[in-house]
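Reading the structure
Listed below, chain by chain, are the residues.
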Amino acid sequence: MRIMGLDLGSKTVGVAISDPLLITAQGIEIIRRKEENKLRQTLARIEALIVEYEVDRIVLGLPKNMNDTLGERAEFSLAFKEKLERRTGLPVVMWDERLTTVAADKAMMEAGIRRENRKDYVDKIAACLILQGYLDSQFSRTEVK
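First, a word on scope: everything that follows refers to the structure included in this document. (Residues numbered from 1 in each chain as written. Predicted model: local features only at pLDDT ≥ 70, side-chain atom pairs only at ≥ 80, totals over all residues. Heavy atoms only, no water.)

Moving on to the pattern of salt bridges. Throughout the structure, instances matching the rule amount to three salt bridges. One salt bridge connects Glu 47 with Arg 87, and the closest N-O pair in it is separated by 2.8 Å. One end of the pair, Glu 47, is in helix α1 (residues 40–53); the other, Arg 87, is in helix α2 (residues 72–88), with 40 residues separating them in the sequence. With a relative accessible area of 24%, Glu 47 lands in the partly exposed category. (Salt bridge = Lys/Arg side-chain N within 4 Å of Asp/Glu carboxyl O. Helix = DSSP H or I, 4+ residues; strand = E, 2+ residues; numbered from the N terminus. Buried < 20%, exposed > 50% of the residue type's maximum accessible area, 1.4 Å probe, protein only.)

And the structure:
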């Protein structure tokens, strides 16, 4: 089984999948939609990826404010979590995603990706960072000390 990481944006969802050993995260795609609240096709695509990759858990980025409060985007993510759980029957773990987009942008800059091309990758990379953070936290809990 694998874990799926999601970075929910206003018109995109970055998707990452763990390897079967739950050690690393790989970005697989960016789901795009024309309008923010039109989620039916987005949810259908996520369901197809769940089946394809045999996913048994989802990690969804929670965009908290820097002062640790929840704003409008976080409320949208929490509502999306409920839709995902209802539709897929899988547990959805919320993961603090503060600064993942900044980190993704920095990684692309260091990799030499041109500024005008970064928008094509940022959501997928942010999903990887969200999922990798979760995987690392799970591994550190099970480490023998």
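Okay, back to it.
Take the nonpolar core next. Core analysis: the largest hydrophobic core is formed by 23 residues, its most contacted members being Met 4, Leu 6, Ile 46, Ile 58, Phe 80 and Leu 84. Look past the residues within four positions of Ile 58 in its chain and what remains in contact with it is Met 4, Leu 6, Ile 50, Leu 84, Thr 88, Leu 90, Pro 91, Val 92 and Val 93. The next biggest cluster of nonpolar side chains, apart from the first, holds 10 residues, and it includes Ala 16, Val 59, Cys 128 and Leu 131. (Core = buried A, V, L, I, M, F, W, Y, C linked by side-chain atoms within 4.5 Å. Contact = heavy atoms within 4.5 Å.)

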